[in-house]
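Observations on the model geometry
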Amino acid sequence: MPILVTGGAGFIGSHTCVELLNSNYEIIILDNFSNSNIESLNRLKELTGKNFEVYDVDLLDKENVDNIFKENHIEAVIHFAGLKAVGESVEKPNYYYQNNVTGTLVLTEMMQKYNVYNLVFSSSATVYGIPKAVPISEDFPLIATNPYGRTKLMIEKILRDLNVSNKDWSIASLRYFNPIGAHESGLIGEDPKGIPNNLMPYITQVATGKLPELSVFGNDYSTPDGTGVRDYIHVVDLAKGHIKALEKVLSTNGVESYNLGTGQGYSVLELVDAFEKASGQKIPYKIAPRRPGDIAECYADPSKAERELDWKSEKSLEEMCLDSWRWQERNPDGYLSKTVEIK
């Protein structure tokens, strides 16, 4: 029976679909392509040599979501679909609550209707808000500080309530830290629309000349070089974490949350330096004022995922930078670029 992947054309979703197909899972992709490009799915087929069903459907469209479940005997769901920009969520909170929370309610309603109780949910380290210390473990207080993070936190609470109401539910909420990198083929990667919100695609677009320079927000934090420290994880490692979580929910019941990170923090300037060494490109930058809500350090304690999922990150910071640069260099305009060869 197939695995339904919501948001499967996106950055993390597409990389997870590669790992699913390479692990011989049958998949169905649901995506409304509001923040993704259908070309990523053409490249998925090229990468894996496998075909799959694709539905251009919004999760808020209950009738068509119902039809997907009616037409397919779905075994489990990996749920990526959702809006994800922190700044935009502050400007448009209604939009984020409606899309992320209501969309998940529609999805879980249809799952219950068709007796599909296995779910891997794409959560976020933003549920921790400003952590009391680092590294961050799963038992830390959950105090999201922006609407995006609060949608993730609300959904986690909803999923726990579902399990209380029906013990058939088997759910893993995966709290990501900072995914970067790309598939080593250079065929799929992060393709933000407009000016990137995340650090690595901003760096790579400076490297190609699309953007003039990088703004480093704050150099007076209590960190070794004064810039913010984050836990960067290769997107392929993250994708493999979803396979491990899927195996877990298919074999057990209950609800668990897992940090997916490396357990190692790197500062903004350390990431810039690593990228320059890996790519051979100089990244001009300027120091800008701190952004409201930014914190000095944020990195994971990933030991629970290693202990319970038999998962840990494997790829180095150098590999993250090399793969990010290979994707951007071969696809300067993202998925609007001509299809590149697999090497």
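Scroll up for the structure.
Residues numbered from 1 in each chain as written. Predicted model: local features only at pLDDT ≥ 70, side-chain atom pairs only at ≥ 80, totals over all residues. Heavy atoms only, no water.

This brings us to the overall build of the chain. Per the secondary structure count, the chain includes 11 helices and 14 strands. Taking 2.2 N^0.38 as the reference for a compact globule, 343 residues should give roughly 20 Å; the C-alpha atoms of the chain span a radius of gyration of 19 Å, in line with that estimate. In terms of principal-axis extent, the alpha carbons of the chain reach across some 55 × 45 × 40 Å. For the chain, the proportion of its 343 residues judged to be buried stands at 57%. For the chain, long-range pairs separated by at least 24 residues make up 80% of all intrachain contacts whose partners lie at least 6 apart in sequence. Total accessible area on the chain is roughly 14900 Å²; 47% of this is exposed by carbon and sulfur atoms. (Helix = DSSP H or I, 4+ residues; strand = E, 2+ residues; numbered from the N terminus. Rg over C-alpha atoms; globule rule 2.2 N^0.38 Å. Buried < 20%, exposed > 50% of the residue type's maximum accessible area, 1.4 Å probe, protein only. Contact = heavy atoms within 4.5 Å. Areas by Shrake-Rupley, 256 points an atom, 1.4 Å probe, with all protein chains shown as cover.)

Right, let's talk about helix α6 (residues 147-165) for a bit. The end-to-end C-alpha separation of α6 is 27 Å, in line with the 27 Å expected for 19 residues at 1.5 Å each. Regarding α6, the residues found buried are Pro147, Tyr148, Gly149, Thr151, Lys152, Leu153, Ile155, Glu156, Leu159, Leu162 and Asn163. Against the buried residues of α6 lie α4 (86-91), α5 (93-113), β5 (118-124), β6 (170-176) and β11 (254-260). (Expected span 1.5 Å × (residues − 1).)

A few words on the sheet that holds β11. Spatially, β3-β2-β1-β4-β5-β6-β11 is the arrangement adopted by the 7 strands of the open sheet, whose pairing is parallel. On the outer flanks of this sheet lie β3 (53-56) and β11, each paired with one strand and no other. Adjacent strand axes in the sheet meet at a mean angle of 15° when their direction is disregarded. Sheet contacts for α5: β1 (3-6), β4 (76-79) and β5; angle to β4, the most-contacted strand, approximately 175°. (Pairing = 2+ DSSP bridges. Axes fitted to C-alpha atoms, helices over the stretch in contact; angles between N-to-C directions.)

Moving on, we get to the packing of aromatic side chains. Counting across every chain of the model gives 5 aromatic pairs. Arranged with centres 6.0 Å apart and planes meeting at 85°, the rings of Tyr95 and Tyr96 form a pair that is edge-to-face. With 5.9 Å between their ring centres and 85° between their planes, Phe275 and Trp325 make a pair best called edge-to-face. Here Phe275, found in helix α9 (residues 268-279), pairs with Trp325, found in helix α11 (residues 317-330); they are 50 residues apart in sequence, far enough to count as distant. Taken individually, Phe275 and Trp325 each receive the classification buried, so the pair is uniform in this respect. In this structure, Arg290 is placed above the aromatic ring of Tyr221, and the distance from its NZ or CZ to the ring centre is 4.0 Å. Sitting over the face of the ring of Tyr258, Lys304 holds its NZ or CZ atom 5.0 Å from the ring centroid. (Phe/Tyr/Trp six-rings, centres within 6.5 Å; stacked < 30°, edge-to-face > 60°. Lys NZ or Arg CZ within 6 Å of the ring centre and 35° of its normal.)

For strand β2 (residues 27-31), the tally of buried residues reaches 5 of 5 residues, placing the bulk of the element in the interior. The two faces of β2 match: Ile27, Ile29 and Asp31 on one face and Ile28 and Leu30 on the other face are all buried. The pairing of β1 with β2 spans 4 bridges and is parallel. What sits directly across from Ile3, in β2, is Ile27. Once the chain exits β1 it traverses helix α1 (residues 11-22) before rejoining the sheet at β2, and the crossover so formed is right-handed. Pairing between β2 and β3: 4 bridges, direction parallel. Across the sheet, the residue bridging to Leu30 is Tyr55, located in β3. Note on the crossover from β2 through helix α2 (residues 39-48) to β3: the handedness is right-handed. (Right-handed = clockwise from strand over helix to strand, strands pointing away.)

Attention now goes to the pattern of salt bridges. Using the criterion set out here, one finds 14 salt bridges in the structure. In this structure, Asp66 and Lys113 form a salt bridge, with 2.6 Å as the shortest nitrogen-oxygen distance. Residue Asp66 is found in helix α3 (residues 62-71), and its partner Lys113 is found in helix α5; the two are separated by 47 residues along the sequence. (Salt bridge = Lys/Arg side-chain N within 4 Å of Asp/Glu carboxyl O.)

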